[in-house]
Structure formats: structure tokens, C-alpha cells
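# Fold and contact review
Here is how the chains run, residue by residue.
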Amino acid sequence: MGWAVAVAVLLSASPTFVTRGDVTPEADLRKQAQAAWTAVETQYAAQAGGLPTRAPASVALQKGLALPPERNAQGRPGVVELRQNTPGVLDEKLRTALRHELAHQLLWWACPASSEDRLFHEAFALTVSGELPAWREAPYQSLSRAAKEVANAPQVDTSRARRGLARILGEHPGFPAALTRRLRQCHDGTRWASPLSVEELADVAVLAPEAATVVVSRHSGEVLLAEGDVRRAVPYGSTLKPFLYAAGTGATGASSDTASPPLLAPRPGVQEWACGAGLPAKVDARVALLRSCNGYFLDWEATGRAPRAFGHWGPVLSAVGLTGLPEDMTEAIGLRSAHGLSPWGMAQAYRLLAEARPDVLALLTGNVEEGTLSGLSTSKALKGVATKTGTVRDAASRPQFGWIAAVDADLVVVAVRPGKMPRHFADEIPALLARVRKQTAGLESAHVQVLGLLPSASVEARCAGAGFALEDGAPRPVSTDFSRLDALTAKGPAVCLGSPWRVRFPDGPDGGRDYAGVFSGSTPPPYRPPPGVPTTPSALKARRGSDFVFRTTRVQYTAGVIAAEDVTLQGEARVALARVVAHNERHATTRHPGRAVCDTTHCQAFRGTVRMRPEEARALKLPALKWDAWLTFSQGGDTPWRESRPRAQVESLLGTRLVSLRFEAGRVRYLRTDGEAGAPYEEARSLPCDTLRAGLRLPSCPQRASFDGAQVLFEGQGRGHGEGLDVEAAKAATGLSSEVLLERAYGALPVTSPAP
């Protein structure tokens, strides 16, 4: 059947209903639609105080070809799709669904400002469609339970959510007062500043947010403190404005996704420009960000050059749990709370922002001096800390809850407090930072060159959370599969949010290793061994360093080294070694001048991050060690060993025509026959014993050596180079503190010069 059109002129505001013959009988369908529209329109006019003067557009009524099983109808502006179970029969389910969908059509016409407010739409449709009694026939549920069902399905598109909404709508008799207030806003043309909330609809705080706090390490990404429901997504207020700024500017100040943010003149008398006294005649993005000037961001959008949906930061925010990308600037800056983000997700996003755009973080440190947290008694305590505030308000402009995101050199703090403005709980932030540092020592950064003995192209990494490679300050999402680490770090750091990196390489452990931290690419300078010092190919690689630098916390680095060096170590011996390891991370210059410590035995072994033990935490709370030098340590012990090596291999390290070998004071002293055949002479030389030990892969520095034809027999005891802290001896020295163990090992070394 071709298109058929019927026009019913019962009211001047009636639309034209168009049918196409796939839902029959058509005449009855149009008649039902006209009657339903008239009933809904009458209720709207009574509550709103009138109708728009413009005529509504036509509405097409057609068969739904892809309706989900749980729906009898669905719609979009100008179209209603229906399910007809029996051709030629307009049963009660179809008629109810038609009334429900026409309620949405009327709102799209009469109240376009509410078009994105799904809860308001559904509440109005359930109220005026006549279907509430059927929904209320379900077993009783409490108001709080009903509110949670609605909150868990913000699109209100499930049976459980609609049943919960029906329960809320039945809380008070008559037409819901909250809907009446909102309908009058529609008729008056008032800005739809925030979406309808469950609390507003029920006229009671059934879902008041709880206080929530989360603290995350900037370096390792681990959650150091979590209080309250930090995974619950709630409206974010102004806290995401820095991501708009970052999307609109490049890391060097140049344009990024769009043209650079403009200079804009404030508009007197406009509420959105009420962001503090003394605004300059032209406001730039920096001032707008610090003062949280909504008017600037709205007018920036009006220029057509503002980033949409947070630009290249949109995928980051989506990956950490943003419930939807904003349709316009009012949603992006929190004037309309259409979407939410959890405190945990906010902390993850700020961690990446701090890594990618230190310039934005530097800008935000000005917030306590000239921004939304200035002039407070606690402002001085936050000096140097980047902060951003946000406030979520209800329809009466009362604060529902406040946000503060704070970032210092090591930590990201996100705090959400119900019923409070951010300025009213800003004093909690310095206390939180101090509390977390007192709780866990060693949260500052540690850098280590990793995987240098491997070909760079053979190392692969995978992020089980949300992985991003940073390129000129812009985040690029990376594959969830393993990717070459050199490709991930080619243009900037690689950050894994919500999870450690998993690293694998040929002949490595099955499943790979965990690295909780940030990878960067950094090609070391060429390494040239000292003249006359024999160096094996493996030693050359170790002394060169690595193309990859890994950053984590000092305590995580320390725990990783101890697990690689001696996982069985316990008690005071473990504390002693942990103090040495942490000390050496700060004294890497003797191993790699100008670069980080390496992860091989040339420095101290490190095979990724592991679960921290109490000894590491205790060690890093103790005072720094007094010695101004790299502190050596070895497995040690007194287990005797005997091993032989080909004489040719020994001479490849020390030179040909060896006469004798002896060992003392950490050095190998040897004689070689030199000169011409007729006038030979013996030349005495010496090298660090560890050079010979490493080159021949001996368990420790030998105590004796003897020649046996083509072989050289070495004898010794213990493991390692035999210098500094003897780990096995420390294990056996029960009852001694780490201070005593360290004094025994290093007491003869020079101490750090006192500060002038």
C-alpha cells in the first residue's frame, strides 16, 4: 500500500500523522494517535501553563523492523515505530506503547531543551500514558531500592528501571510536582541547567552521594587509598575543563585539535560570566580555567573553534568510565549533568594529563593563588599543587556535591564530598597528601634502564587496562594486544591506566612480567670500555645501558630488586638490603653517568614490579644512608665451590702467556711473560676481581687459581663479587639491626659531606 496521510484538526497544535500501510487498520491507528496526542497535550498545557505557538511537525507511524524483544515501540523525533503482534489488530499493548511514544514526541516539540534528559522524558511519558497502574502491580519495593534501579540504568530503558521509576512517581499523589516545575521551565524558556534527578523527582534525598576519596600514584598507577564508593559514576561539574584546555592547545602552546583558545570579552550581566571580580577586558583560556568561567567556554564554543567531545582526550575519558561524551559545551563543563565519571576514573585521567601535559598541570598550580581555591587559610599548604574544583548543583542551585582533583609531584588525589562546595573541604587535601605519604614511604619516583640485554625490537608490552602512547602531548590509544615496546615509546612515554604493563620477550618467563609504571624511549650514548680492560659482549651491553627507561615508585623499585636478587630474604637482613637498593638508585652516576641505574648485575638486578613486603615499606621510612658512594652487595655465604675454565678463555680476558694468578683486596693480580723470545720479562698487572668473575661467569670472586694444562682451576666460596653487604651472612646474623649490618659492611667508606 502506498503512503496515506490523514490530518485531524481537533486542536491547532495537532501534528499530521502519517502511516505507510505496515500497521493496520491505518484509519484506526491515526484515530488512536490523534486521541492520545489530545490527551497528552491537555495534561502538558495544564501543568506547563500553555503550549508553544509554533505548530508541531508531522509524525510517521510505522512498523518497527528491529525492536528489541522487551519493547513494544520506540521512537525518535518525527518517527514512532510500533510492534503489531496480529495484523489488523490494535491491541492494548500497542495502544499503550503508542501513547507512551507520543508523549516523547510532544516533549521534543514543546520542550526541546529537555531532549537529552532521559529521566524527565520517561517520567513524563509514564505519567501521562496511563500505564502507571500496570507497572505498580509488581511486588513492593522500597523507595531507595527503586532509586538504585533507576540509577543503574540512566537511560531508563529496562523493565526494572521503569518499574523503579513507577515506584518513585507513586511516592506522592497527583501529578508529580517536580515534573510540573520542569514543564513550567519549558514554557518559560528557562535554560535546562541540569537534568532531572531521582532526588528531585521523589522530593527526597534517596540517592545522596557518599563521600569518596581516592589517591593514585603518578608513577606506578597503583591505588594507594580508596574510601567510599570510588567506582560510582556521578556528574563531574567543572572538573573536566582542563581536558578541554588540553584539547584546544598543544604541548608547546600551538593549536591542537582546533584553533588556539581565543581572547574573549566578558559579558556583563550574564550569569555564566560571573566568575569573580576584576576580570580583565579580554579573558584568555588560562584565566577562564583558573576561575572556572563558564561563560568563556560557552562563548568559545560559539566561535565554532572549541574542541568537541573533549577532542583527543575524549577516548581517554571514555576509557576510564565517562558514561557518555558531551553533545555540547554545557555538558562538557558540567552545566548540564548528562554524564558522570567515577572518582577513580577522574584520578586515572588526571594521571595521564599530568604525564602528557605538564604545562597544564603547571597552570593549575595557580588555582590556589588566583583561582577557585585562592584566599583560603589552607591555600599556602597547597602551593605547588595543581588543583581543579567542580560543583554539581540541583535545580534550585543548591550544591549536591563538590569535587577537588589535586596533583603534586607524586600523587593524584580526587575527593568528592556531598552537600559541600570545594572551598569548604579544601583543607582536607594537604592532610590527605601527608597521610598517604606517612602510610607508605618511598612514593617518589625511581628510574631504571630496563631490558638492555635484549634487542629492542624483541620486547613487547600489553596493557590490560587502558593503554596510551603519548605523542607531542596528545594521547593515542594503543592496542589491547601485545605491541612492540619501541613503537609504543617512539614519540613519548607509554602509560597503562588501571593496570601494570605486561612485558614479554623471547625466552622470557611464560606470560611475561609486570611493570607497574611508565615506559619511555631513551637511546644511551655509545659506550667505550676503558683501555686495557677486558669486556665481554654481555658486559658491553650492560654497561651501555638500555633504550628503555622505566619509572615507578622507589618502594616498588626496591621491592622488585630484592625479589630479583634474593626472594627468600626476610627480617632485618631484607631491611638492610632494601636500604642499600634504594640508596643506589640515587647514586647511579658511577654506573651510568647522567643516566638512570640499569637492571642487570652491572648495577642491581630488576625484573619488574612485585607485591611489596613490609620490610621494604619499613626500610624506606628509615633515614637515608650516610655514605656518599655506590654500595656493593653480593649473595655471599660460605659454601665452597670449584670450577674450571679453558686457559684460552682466561687469556682472552687477561692476555696471553699467563704465569700466575692471585686474589686479594677485591682485585686479581697476575703475571704475564712479555718481551722478545731472547729477552723475556714478567709484567705484573691487576684488574678488579669482578671483571674476571663476570667474564668467566664464576659464582664469586675466586680465592685461589691453579693451572692444569689447558685448564685453569678456580676455587672460592659463596656467590657474587664478595664486596660490601654479604647477604647470606646478614641472614645468619640473627638479632642484629639493619643499622649494625650496614655499619659492618660499609663502615670504612666516606660519608656524605654535610650541607654548607
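As a reminder, the structure under discussion sits directly above these lines.
Presented here is an overview of the structure given in this document. Here the structure is a predicted model, which means the values were calculated and not measured. (Residues numbered from 1 in each chain as written. Predicted model: local features only at pLDDT ≥ 70, side-chain atom pairs only at ≥ 80, totals over all residues. Heavy atoms only, no water.)

### Some remarks on the overall build of the protein
Within the protein one finds 26 helices and 29 strands. Relative to a compact globule of 756 residues, whose C-alpha radius of gyration would be 27 Å, the protein shows 35 Å and is clearly more extended. Considering only C-alpha atoms, the protein reaches an extent of 130 × 60 × 50 Å along its principal axes. Split into buried and exposed, the 756 residues of the protein put 51% on the buried side. Sequence-distant contacts, at least 24 apart, represent 65% of the contacts inside the protein between residues at least 6 apart. Split by element, the accessible area of the protein, about 33200 Å² in all, is 52% carbon and sulfur. (Helix = DSSP H or I, 4+ residues; strand = E, 2+ residues; numbered from the N terminus. Rg over C-alpha atoms; globule rule 2.2 N^0.38 Å. Buried < 20%, exposed > 50% of the residue type's maximum accessible area, 1.4 Å probe, protein only. Contact = heavy atoms within 4.5 Å. Areas by Shrake-Rupley, 256 points an atom, 1.4 Å probe, with all protein chains shown as cover.)

### Details of the pattern of salt bridges
Inspection of every chain in the model, using the stated rule, returns 36 salt bridges. Note that Glu-227 and Arg-435 form a salt bridge whose closest N and O atoms lie 2.4 Å from each other. Here the residue Glu-227 occupies a position in strand E7 (residues 223–227), and Arg-435 occupies one in helix H17 (residues 428–439), the gap between them amounting to 208 residues. For Arg-435, a relative accessible area of 36% translates into the label partly exposed. Between Glu-471 and Arg-476 there is a salt bridge, with its nearest N and O atoms 2.6 Å apart. Here the salt bridges do not stand alone but share partners, grouping Glu-444, Arg-554, Glu-585 and Arg-586 into one network. (Salt bridge = Lys/Arg side-chain N within 4 Å of Asp/Glu carboxyl O.)

### So, the nonpolar core
Core analysis: the largest hydrophobic core is formed by 65 residues, its most contacted members being Tyr-296, Phe-310 and Trp-313. With nine residues, helix H14 (residues 343–356) is the largest single contributor of residues to this core. Leu-102, Ala-125, Leu-183 and Trp-192 belong to the second largest nonpolar core, which has 55 residues in total. (Core = buried A, V, L, I, M, F, W, Y, C linked by side-chain atoms within 4.5 Å.)

### Section: the sheet that holds strand E16 (residues 494–497)
Pairing within the open sheet is mixed, and its seven strands lie in the order E14-E13-E16-E19-E20-E11-E21. Each edge of the open sheet carries a strand with a single partner, namely strand E14 (474–477) and strand E21 (597–598). In terms of strand pairing, strand E13 (residues 466–471) meets E16 through four bridges, oriented antiparallel. Within E16, the position partnered with Phe-468 by the bridge is Val-495. Taken strand by strand, helix H20 (residues 554–565) contacts strand E11 (445–450), strand E20 (548–553) and E21, and its axis lies near 110 degrees from that of E20. (Pairing = 2+ DSSP bridges. Axes fitted to C-alpha atoms, helices over the stretch in contact; angles between N-to-C directions.)

### Section: empty space enclosed by the protein
Tallied over the full model, the rule gives one cavity of 30 Å³ or more. Its volume calculated, the largest cavity comes out at about 40 Å³. What lines the largest cavity is a set of eleven residues, among which Gly-452, Gly-545, Ser-546, Cys-598 and Asp-599 lie closest to the centre. Breaking the lining of the largest cavity down by element, the ones donating at least two residues are E11 and helix H19 (537–544). Its residues assigned to classes, the lining of the largest cavity comprises four nonpolar, five polar and two charged. (1 Å grid on protein atoms, 1.4 Å probe; cavity = no way out; pocket = protein on both sides within 12 Å on 5 of 7 lines; lining within 4 Å. Points joined across faces, edges and corners; volume = space filled by probe spheres on them. Nonpolar A, V, L, I, M, F, W, Y, C, P; charged D, E, K, R; others polar.)

### Overview of the packing of helix H9 (residues 241–248) against H14
How two helices sit against one another is set out by the angle between their axes and by the gap between those axes. Closest axis-to-axis distance for the H9/H14 pair is 11 Å, and the angle between their directions is 35 degrees. Handedness of the crossing formed by H9 with H14: left-handed. In this structure, H9 contributes Pro-242, Phe-243 and Ala-246 to the contact, and H14 contributes Ala-349, Tyr-350 and Leu-353. (Left-handed = near helix turned anticlockwise from the far one by under 90°.)

### Structural notes on H17
Helix length check: H17, at twelve residues, gives a terminal C-alpha distance of 16 Å against a target of 16 Å (1.5 Å per residue), a fit within 8%. Of the residues making up H17, those classed as buried are Ile-429, Pro-430, Leu-432, Leu-433 and Val-436. On an axial view of H17, the arc spanned by its buried residues comes to 160 degrees, and they lie on one face. Looking at the buried side of H17, the elements it contacts are strand E6 (212–217), E7, strand E9 (399–407) and strand E10 (411–418). (Expected span 1.5 Å × (residues − 1). Arc of directions from axis to C-beta.)

### Looking at the state of the cysteines
The full count for this structure, using the stated rule, is five disulfides. For Cys-463, the disulfide goes to Cys-496, at an S-S distance of 2.0 Å. Because the torsion about its S-S bond is 80 degrees, the bridge between Cys-463 and Cys-496 counts as right-handed. Taken as a pair, Cys-463 in strand E12 (residues 460–463) and Cys-496 in strand E16 lie far apart in primary sequence, 33 residues in all. With relative accessibility at 2%, the residue Cys-496 sits in the buried group. Residue pairing for Cys-598: its cysteine sulfur links by disulfide to Cys-603, the two sulfurs lying 2.4 Å apart. Residues Cys-598 and Cys-603 share a disulfide whose torsion about the S-S bond is about 110 degrees; that sign makes it right-handed. For the pair Cys-598 and Cys-603, a shared accessibility class is recorded, and that class is buried. Shown here for the protein is a disulfide pattern of 1-2, 3-4, 5-6, 7-8, 9-10, where each number marks a bonded cysteine counted in sequence order. (Disulfide = S-S within 2.5 Å.)

### Section: the packing of aromatic side chains
Inspection of the entire model under this criterion finds 17 aromatic pairs. Judged by centre distance (4.9 Å) and plane angle (45 degrees), the ring pair of Phe-519 and Phe-550 falls under tilted. Here Phe-519, found in strand E19 (residues 518–521), pairs with Phe-550, found in strand E20; they are 31 residues apart in sequence, far enough to count as distant. Among the aromatic residues, ring-to-ring pairing joins Trp-501, Tyr-515, Phe-519, Phe-550, Tyr-557 and Phe-606 into one connected group. A cation over an aromatic ring shows up here: Arg-231 above the ring of Trp-344, its NZ or CZ 3.8 Å from the ring centre. If you follow Arg-504 out to its NZ or CZ, it ends over the ring of Phe-482, 3.9 Å from the centre. (Phe/Tyr/Trp six-rings, centres within 6.5 Å; stacked < 30°, edge-to-face > 60°. Lys NZ or Arg CZ within 6 Å of the ring centre and 35° of its normal.)

### Let's talk about unusual backbone geometry
Geometrically, the link from Thr-24 to Pro-25 is a cis peptide bond, its omega value of -5 degrees lying close to zero. In this fold, Pro-25 is placed in the loop between strand E2 (17–19) and helix H1 (26–48). With a phi close to 50 degrees, Val-156 is a non-glycine residue in the positive phi region. Inspection of the secondary structure puts Val-156 in the loop between helix H5 (143–152) and helix H6 (159–169). According to the relative accessible area criterion, Val-156 is buried, its value standing at 1%.

### Topic: the sheet that holds strand E23 (residues 636–646)
Spatially, three strands are ordered E23-E28-E27 in an open sheet, and the strand pairing comes out antiparallel. A single partner strand is all that each edge strand has here, and the edge strands are E23 and strand E27 (704–708). The average undirected angle you get between the axes of adjacent strands in this sheet is 20 degrees. Pairing of E23 with strand E28 (residues 711–719) involves eight bridges; the strand directions are antiparallel. Across the sheet, the residue bridging to Pro-640 is Gln-717, located in E28. Set on the sheet, helix H23 (residues 647–654) makes contact with E23, E27 and E28; between it and E23 the angle comes to about 100 degrees.

### Notes on the packing of H9 against helix H11 (residues 294–302)
One way to put it is that H9 packs onto H11 with a least axis distance of 12 Å and a crossing angle of 40 degrees. Considering their axes alone, H9 and H11 lie oblique with respect to each other. In this structure, H9 crosses over H11, and the sense of that crossing is left-handed. Contact residues: Lys-241, Leu-244 and Gly-248 in H9; Asn-294, Phe-297 and Trp-300 in H11. (Parallel < 35°, antiparallel > 145°, perpendicular 65-115°, else oblique.)

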